[in-house]
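Per-entry structural report
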Amino acid sequence: MIFAVSSVFRLAKAGFVFARFGVFSIPDTSEMPGPLRLAIKVARTIERKDMAADGMARLSNALAALGPSYIKLGQFLATRRDLVGDEMAADLSRLQDKLPAFGRERAIKTIEAALGAPLDELYSEFSEPIAAASIAQVHKATTVDGRTVAVKVLRPGVIQRFEKDLRTFYFATRWLERLSPEARRLRPVAVIDTLARTTVLETDFRLEAAAISEMAENVAKDQGFRVPGLDWSRTAKSVLTIEWIDGIPMSDPEEVKKTAFDMPTLGAGVIQHFLRHAMRDGFFHADMHQGNLFVDDTGTLVAVDFGIMGRLSPRERRFLAEILFGFIRRDYRRVAEVHFEANYVPSHHDVDSFAQALRAIGEPLMDRSAEDISMARLLTQLFQVTDLFDMRTQPQLLLLQKTMVVVEGVARTLDPKVNMWVTAEPVVREWIEANLGPPGKLRDAADGAQMLAQFIGHVPALLSRAENVAQLAQKASEDGLPLSQETVDAIAAAEAKKTRSGRVALWVGAVALAIIALEMIW
């Protein structure tokens with residue numbers, strides 16, 4: 001009860017902020033029920049008059065004003081174009097996660113408590129904060145052995161703040177799913193589940209360090225992409241120490257273009273490395289925006305901030321590869337079949353009808369110029385047919401699609417004429433040949449043989465158990481099923497409880513009928 005009251009209060013506070021920032025001016029109220037139209041009209045009476053003319057920017061500003069959890073929620077909603085629409089998703093994707101720094105001294109206290117040593121035993125130099133966001137801030141430092149590093153420090157109290165807000169989000173979305181069949185299909189609770197899991201990962205820097213370590217192993221032999229070196233000895237749950245990257249940030253494309261590096265090659269590299277991580281490794285950087293990508297002095301792309309990562313199972317990677325390759329070859333029938341094989345589309349729908357819908361999405365994109373060919377747009381439109389074919393939301397694919405939109409934008413800042421299909425084709429083809437061609441079939445056969453051998457190894461034990469069960473069943477059929485006194489007493493108690501429950505239910509029903517009868521009389 002206390003939790004429900006607290007959640008309602010926090011939602012009311014958020015509603016007040018939305019009203020003040022003019023968020024309720026965004027929806028079209030013409031087809032809403034009368035009471036809801038009236039409520040929105042009343043809410044708009046407290047709207048500030050100095051709000052921006054751009055209605056969508058009002059939502060971003062309101063979420064930013066509500067704090068870290070709402071900023072993260074807005075960034076996640078940017079992945080749900082099927083839920084919020086293209087225009088709002090585009091605005092939310094620009095939501096900046098920036099907050100005032102919490103100061104050098106508080107950061108030092110956090111570091112010393114987390115690492116169990118005085119600062120001067122860890123770093124010979126330690127700067128003021130150089131960047132601050134909702135979860136952490138970053139300092140530039142020099143270790144006692146002379147290495148220049150970046151030190152990421154968790155914001156004090158942020159975990160407790162997230163926990164309170166997540167409870168409120170769950171309260172709201174669960175009620176939404178109870179009240180709306182359409183909401184149940186869009187699975188807003190699943191969005192909060194993803195947000196909650198990501199928050200846990202983002203607020204434990206040991207997990208981010210593990211992600212850096214795993215990706216470093218995955219890309220060790222890749223040319224043109226790397227991740228920062230990791231300092232495990234100066235890393236804990238609330239502190240992360242990594243190599244300082246001296247490079248040009250992709251957020252400054254004009255500065256990148258001043259270098260001698262080939263811009264089309266860099267742009268294609270951004271796309272191809274991302275696809276390679278997703279399809280080859282099943283593990284990709286899911287926040288690969290301009291601010292998290294650098295170009296070092298050798299022309300190598302360096303990614304930072306591994307708080308949000310995405311994973312795809314081998315099965316999902318196969319479906320993704322076949323879907324993309326099917327669109328590349330304009331084989332819409334095969335793309336449709338893959339959706340059915342993956343159970344993305346319920347079996348009661350018709351494959352040919354779905355293939356027709358996919359053709360309507362793919363063909364207009366294929367006939368456009370290189371500047372307009374967008375794989376992200378294709379995936380966006382693909383998810384827009386979810387309602388027509390009862391496709392359930394796939395959170396892991398939405399995260400992939402959201403990142404694809406961002407990565408594609410980065411590539412186009414470097415090369416506006418980048419052709420997404422031509423760029424993606426070698427990576428997709430390489431994966432298909434390795435996993436669905438003869439080498440992949442041989443590997444699958446070997447895996448199958450290994451599983452069969454393991455099963456055969458367990459057969460004697462399974463047969464022995466089956467024989468024992470058969471003997472017990474035969475004995476029970478001949479002698480009856482023996483029950484201990486404890487079992488008999490437990491059954492009797494359960495029956496007595498059920499009888500009492502039945503009598504209570506009858507009395508409750510009788511009282512209810514009496515109350516209804518009295519109301520009718522009066």
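All of the points below concern the structure found in this document. No experiment lies behind these values; they were computed from the predicted model shown.

**Some remarks on the overall build of the protein chain**
- In terms of helices and strands, the protein chain carries 22 helices and 10 strands.
- Here the protein chain holds 522 residues, and the buried ones make up 44% of them.

**A short note on the nonpolar core**
- Membership of the largest hydrophobic core comes to 56 residues, with the highest contact counts inside it found for Met215, Phe225, Met250, Val270, Phe274, Leu275 and Phe306.
- The element best represented in this core is helix H14 (residues 263–281), accounting for eight residues.
- Excluding residues that lie within four positions of it along the chain, Leu275 makes contacts with Arg280, Leu324, Met404, Ala424 and Val427.

**Description of the sheet that holds strand S1 (residues 123–132)**
- A sheet is described by the order of its strands in space; here four strands give the open sequence S1-S2-S3-S5, paired in antiparallel fashion. Of all strands in the sheet, those with a lone pairing partner are S1 and strand S5 (239–243), marking the two edges. Mean inter-strand twist for the sheet, computed between neighbouring axes without regard to direction, equals 25 degrees.
- Here S1 pairs with strand S2 (residues 136–143) via six bridges, running antiparallel. By the bridge assignment, Tyr123 is partnered in S2 with Thr143.
- Helix H7 (residues 104–115) contacts S1, S2, strand S3 (148–154) and S5 of the sheet and is inclined by roughly 120 degrees relative to S1.

**A closer look at the packing of H14 against helix H20 (residues 420–435)**
- Here H14 crosses H20 at 30 degrees, and the two axes come no closer than 9 Å. The orientation of H14 relative to H20 falls into the category roughly parallel. Handedness of the crossing formed by H14 with H20: right-handed. Contacts between H14 and H20 involve Ala268, Ile271, Gln272, Leu275, Arg276, Met279 and Arg280 from the first element and Met420, Thr423, Ala424, Pro426, Val427, Val428, Glu430 and Trp431 from the second.
- Class assignment of the residues belonging to the contact of H14 with H20 gives a composition of 10 nonpolar, two polar and three charged.

**Brief notes about the pairing of S3**
- Judged by how many residues are buried, S3 sits mostly within the fold: six of seven residues are covered.
- In terms of strand pairing, S2 meets S3 through seven bridges, oriented antiparallel. Of the residues in S3, the one forming a bridge with Ala141 is Val149.
- Looking at chain direction, S3 and S5 are connected through five bridges and run antiparallel. In the strand pairing of S5, Ala150 is matched with Ile242.

**Structural notes on unusual backbone geometry**
- Here Asp305, not a glycine, exhibits a phi torsion of approximately 60 degrees, which is positive.
- Structurally, Asp305 can be placed in the loop between strand S9 (301–303) and strand S10 (309–311).
- By relative accessible area, Asp305 is classed as partly exposed at 28%.
- Even without a glycine there, the phi angle at Arg330 is positive, about 60 degrees.
- Of note, Arg330 is situated in the loop between helix H15 (314–329) and helix H16 (332–341).

**Structural notes on helix H4 (residues 68–77)**
- Among the 10 residues of H4, eight are classified as buried, and the element is accordingly described as predominantly covered.
- Every buried residue of H4 is accounted for by Pro68, Ser69, Tyr70, Ile71, Lys72, Leu73, Gly74 and Phe76.

**Concerning the side chain of Glu425**
- With respect to the helices and strands, Glu425 occurs in helix H20.
- Here Arg429 takes part through its side chain, which lies 2.5 Å from a polar atom of the side chain of Glu425.

**Let's talk about the environment of Val407**
- With respect to the helices and strands, Val407 occurs in helix H19 (residues 395–414).
- With relative accessibility at 0%, the residue Val407 sits in the buried group.
- Counting along the chain gives 119 residues from Val407 to Met288, while the straight-line C-alpha distance between them is 6.3 Å.
- Not counting the four nearest positions on each side in its chain, Val407 is found in contact with Val270, Ile271, Phe274 and Met288.

**Examining the pattern of salt bridges**
- The full count for this structure, using the stated rule, is 26 salt bridges.
- Arg311 is the salt-bridge partner of Glu214, the closest N and O atoms lying 2.7 Å from each other. Here the residue Glu214 occupies a position in helix H12 (residues 205–218), and Arg311 occupies one in strand S10, the gap between them amounting to 97 residues.

**Points about the side chain of Gln137**
- Here Gln137 is to be found in strand S2.
- At 2.9 Å, the side chain of Gln137 and the backbone nitrogen of Phe102 are in polar contact.
- With residues up to four places along the chain from it excluded, the contact list for Gln137 reads Ala101, Phe102, Gly103, Ala107, Pro129, Ala131, Ala132, Val151, Lys152 and Val153.

**Quick word on H15**
- Helix length check: H15 (16 residues) gives 22 Å between terminal C-alpha atoms against 22 Å at 1.5 Å per residue, within 8%.
- Looking only at H15, the buried set comprises Glu316, Arg317, Phe319, Leu320, Ala321, Glu322, Ile323, Leu324, Phe325, Gly326 and Phe327.
- Of the residues flanking the end of H15, it is Arg330, one or two places downstream, whose phi is positive at about 60 degrees.

**Let's talk about the packing of H14 against H15**
- Two numbers describe how H14 lies on H15: the axes approach to 8 Å, and their chain directions differ by 130 degrees. One element, H14, and the other, H15, form an angle in the oblique class. Two secondary-structure elements touch here, H14 through Leu275, Ala278, Met279, Arg280 and Asp281 and H15 through Arg317, Leu320, Ala321 and Leu324.
- Of the residues belonging to the contact of H14 with H15, the class tally is six nonpolar, no polar and three charged.

Definitions and limits used
Residues numbered from 1 in each chain as written. Predicted model: local features only at pLDDT ≥ 70, side-chain atom pairs only at ≥ 80, totals over all residues. Heavy atoms only, no water. Helix = DSSP H or I, 4+ residues; strand = E, 2+ residues; numbered from the N terminus. Buried < 20%, exposed > 50% of the residue type's maximum accessible area, 1.4 Å probe, protein only. Core = buried A, V, L, I, M, F, W, Y, C linked by side-chain atoms within 4.5 Å. Contact = heavy atoms within 4.5 Å. Pairing = 2+ DSSP bridges. Axes fitted to C-alpha atoms, helices over the stretch in contact; angles between N-to-C directions. Parallel < 35°, antiparallel > 145°, perpendicular 65-115°, else oblique. Left-handed = near helix turned anticlockwise from the far one by under 90°. Nonpolar A, V, L, I, M, F, W, Y, C, P; charged D, E, K, R; others polar. Polar contact = N/O pair within 3.5 Å; in protein donor to acceptor, adjacent residues only side chain to side chain. Salt bridge = Lys/Arg side-chain N within 4 Å of Asp/Glu carboxyl O. Expected span 1.5 Å × (residues − 1).

By themselves these figures say nothing about function.
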